[in-house]
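# Commentary on secondary and tertiary structure
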Amino acid sequence: MSWMAAAITVSGQTTFQKIYTSSLDAYCFGAYQTNDEGYIITGIVNTSGSTYKIFLTRTDCHGSILWSKVYSTSSTIGNISHRVIQTHDQGFLLAASSGSWGAYNILLVRTNASGVTLWKKTMNGPNDDLVNSVIETPQHDFVIAGSTNSYGSDAGTAYKDVYLMKVSDEGEFIWGKTYGNPLAYDEAYDVVAVPDGYAVTGRYIASEAFHCLLMKTDTAGELQWMKCYGDSNQYACGYGIANTYNGGFVITGSSTLNKGSFQDFGDAFIIRTDGNGDTLWCKNYYGNNPDYDDIGSSIIVNPDNSFAIGNATMSYPTTGFVPNKHGVVVVDTGGNLLLAKLYEKGGSHYPYLSSGKSDKTFVLSGFSNYFTTHFNVMLMRLDSVYNAGCNTTDV
């Protein structure tokens, strides 16, 4: 990938928006700041014809590419959640879904800081196995969250169970667990560690409707409790989860609970719970002029106990014919709106928001064809008030 960019200095902080151009489509599903204040980016890239491969790219603090690697083939359908984390030894673990619809496999690639592969493992189930999130435990093991119909109550069917898998730092399988109802779509989209186990959000069928899922396991993957948030004839799904400072959780996602039925456009939401999953409050956040789909894709907890979500929105005025935009919504500890911003005016997809490292900055990533003919990776460094330096609008 080659690159072009604009960098602007604001109040002593460098903000930028970068488009990494390539001759064919490239899709970014997550970017994070590294401990040296550079960035690590992952997604899939069209390498030739109909061939897509998983990529991992590292940049310096200005977003200039240091190295880029490609791995197994993949496809775009139903495959939007590659994740990468920086590990305790300053290397990386990539968790991605290789293969194609109906035959995805969970791919794990462990590299050193220079991108040299230390080990590569593939979970070759007979059907679909997808990964949506990965974390490193305090013991330097890794927990992967996603879905499967290779194992569990929905093995061999068109439906899926929530899947959690734990592997060692050397990539050795420790355990795998499935959770869910037979003949239902149950999927995990994000996972966090808690002192005595793991907490997961996603979606779960209850009362014949998709509900937002929150479940907690112990460190061996044994289910301790499961909560569902939603209503009949409605839709709700959790895409991001974070720990709060008092031992509870915040979840973001999308739901139609503020609308007529599951057939309507959804609103972004935040649910705050205590450590047992009991709801403290739930708020919906939606756009206007027009009010179309809003999806909370990721959530972070700030040191002042405010919460910020990446918002995939089709609301608000659009330049061009593709209404998808990147947004950020920030609320206080009680869910009251502090600010909402848009980046670009259309043609931008799958925003993922993460925290910066040593300074109070944020990373917003995704892909866009707003500036280019093809879809290309987009990386933004936001300042402490979520400005990107250009193409930023308060809404």
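Cut-offs and rules
- Residues numbered from 1 in each chain as written.
- Predicted model: local features only at pLDDT ≥ 70, side-chain atom pairs only at ≥ 80, totals over all residues.
- Heavy atoms only, no water.
- Helix = DSSP H or I, 4+ residues; strand = E, 2+ residues; numbered from the N terminus.
- Rg over C-alpha atoms; globule rule 2.2 N^0.38 Å.
- Buried < 20%, exposed > 50% of the residue type's maximum accessible area, 1.4 Å probe, protein only.
- Contact = heavy atoms within 4.5 Å.
- Polar contact = N/O pair within 3.5 Å; in protein donor to acceptor, adjacent residues only side chain to side chain.
- Pairing = 2+ DSSP bridges.
- Axes fitted to C-alpha atoms, helices over the stretch in contact; angles between N-to-C directions.
- Phe/Tyr/Trp six-rings, centres within 6.5 Å; stacked < 30°, edge-to-face > 60°.
- Salt bridge = Lys/Arg side-chain N within 4 Å of Asp/Glu carboxyl O.
- Core = buried A, V, L, I, M, F, W, Y, C linked by side-chain atoms within 4.5 Å.
- Disulfide = S-S within 2.5 Å.

## Details of the overall build of the chain
For the chain, the helix and strand inventory stands at zero helices and 30 strands. Over its C-alpha trace the chain gives a radius of gyration of 20 Å, about what one expects of a compact globule, namely 21 Å for 395 residues. Dimensions of the chain, computed from the C-alpha atoms along their principal axes, are close to 50 × 45 × 40 Å. Within the chain, buried positions represent 56% of all 395 residues. Long-range contacts, defined here as pairs at least 24 residues apart, represent 49% of the contacts in the chain between residues at least 6 apart.

## Quick look at the side chain of serine 354
Inspection of the secondary structure assignment puts serine 354 in strand β27 (residues 348–355). Engagement of the side chain of serine 354 in a polar contact is seen with the backbone oxygen of alanine 31, the distance being 3.0 Å.

## Observations concerning the sheet that holds strand β16 (residues 197–206)
One open sheet accounts for four strands, arranged β15-β16-β17-β18; its pairing is antiparallel. Where the open sheet ends on each side, the last strands, each with one partner, are β15 (187–194) and β18 (223–229). Between one strand and the next, the sheet's axes are offset by a mean angle of 25 degrees, whatever the strand orientation. Where strand β17 (residues 209–218) meets β18, six bridges bridge the pair, whose relative direction is antiparallel. Note on β18: the bridge partner recorded for threonine 217 is leucine 223.

## Here's the deal with the packing of aromatic side chains
Two descriptors summarise a pair of aromatic rings, namely the distance from one centre to the other and the angle between the planes of the rings. Per the stated rule, a full pass over the model turns up 18 aromatic pairs. Each ring, one from phenylalanine 29 and one from tyrosine 350, has its centre 6.0 Å from the other, and the planes form 80 degrees; the classification is edge-to-face. Note that phenylalanine 29 is positioned in strand β3 (residues 26–33) and tyrosine 350 in strand β27, a separation of 321 residues in sequence. Owing to a relative accessible area of 4%, phenylalanine 29 belongs among the buried residues under this scheme. When its relative accessible area of 39% is taken as the criterion, tyrosine 350 is described as partly exposed.

## Looking at the pattern of salt bridges
Side chains that differ in sign of charge can pair as their charged atoms come close. Under the definition given, this model contains twelve salt bridges. Here lysine 160 and aspartate 128 are joined by a salt bridge, their closest N and O atoms 3.7 Å apart. Here lysine 160 is found in the loop between β12 (142–148) and β13 (161–167), whereas its partner aspartate 128 is found in the loop between β10 (117–123) and β11 (129–136), with 32 residues between them in sequence. Just as lysine 160 is buried, aspartate 128 falls in that class too. Each member of the salt-bridge network shares a partner with another, and the members are Asp89, Arg110 and Asp169.

## With respect to the pairing of β10
Two strands pair when backbone bridges link them, and strand β9 (residues 105–111) and β10 are joined in this way by six bridges, in the antiparallel orientation. The residue of β10 that forms the bridge with isoleucine 106 is methionine 123. Hairpin connection of β9 to β10: five residues between the antiparallel strands, including glycine 115 at a positive phi of 85 degrees.

## Observations regarding the sheet that holds strand β21 (residues 267–273)
Spatially, β19-β20-β21-β22 is the arrangement adopted by the four strands of the open sheet, whose pairing is antiparallel. The outermost strands of the open sheet, each flanked by one partner alone, are β19 (236–243) and β22 (279–285). Ignoring strand direction, the axes of neighbouring strands in this sheet form an average angle of 20 degrees. For β19 and strand β20 (residues 249–255), the ladder comprises seven bridges, and the chain directions are antiparallel. Considered in β20, the bridge of glycine 240 is made with threonine 252.

## Thoughts on the nonpolar core
Among the nonpolar cores identified, the biggest contains 19 residues, and Tyr27, Ile40, Ile54, Tyr71, Val84 and Leu94 are the most heavily contacted of them. Listed by contribution, the elements that provide at least two residues to this core are β3, β4 (39–48), β5 (51–59), β6 (65–74), β8 (92–98) and β9. With residues up to four places along the chain from it excluded, the contact list for isoleucine 40 reads Gly30, Ala31, Tyr32, Thr34, Leu56, Thr57, Arg58, Trp67, Val84 and Phe92.

## Quick notes on the environment of cysteine 237
Within the element layout of this structure, cysteine 237 appears in strand β19. On the basis of relative accessible area, cysteine 237 is assigned to the buried category, the value being 0%. Cysteine 237 sits 59 residues away from threonine 178 along the chain, and the two C-alpha atoms are 18 Å apart.

## Let's talk about the side chain of serine 298
Tracing the chain through its elements places serine 298 in strand β23 (residues 294–301). Given a relative accessible area of 3%, serine 298 falls into the buried group. At 3.3 Å, the side chain of serine 298 forms a polar contact with the side chain of serine 297. A distance of 2.9 Å separates the side chain of serine 298 from the backbone nitrogen of leucine 353, its partner in a polar contact. Beyond its immediate stretch of four places on either side in the chain, serine 298 contacts Thr252, Ala308, Ile309, Gly310, Pro351, Tyr352 and Leu353.

## Quick look at the pairing of β23
Most of β23 is tucked away, with seven of its eight residues classed as buried. Turn length for the β23-strand β24 (residues 307–313) hairpin, with the two strands adjacent in sequence and antiparallel, is five residues, and the turn residue asparagine 305 shows positive phi of about 70 degrees.

## Things to note about the state of the cysteines
Scanning the entire structure with this criterion turns up zero disulfides. No disulfide involves cysteine 61; its sulfur sits 18 Å from the nearest other cysteine sulfur, which is in cysteine 390. Cysteine cysteine 212 is unpaired, with the sulfur of cysteine 237 as its nearest cysteine sulfur at 7.0 Å.

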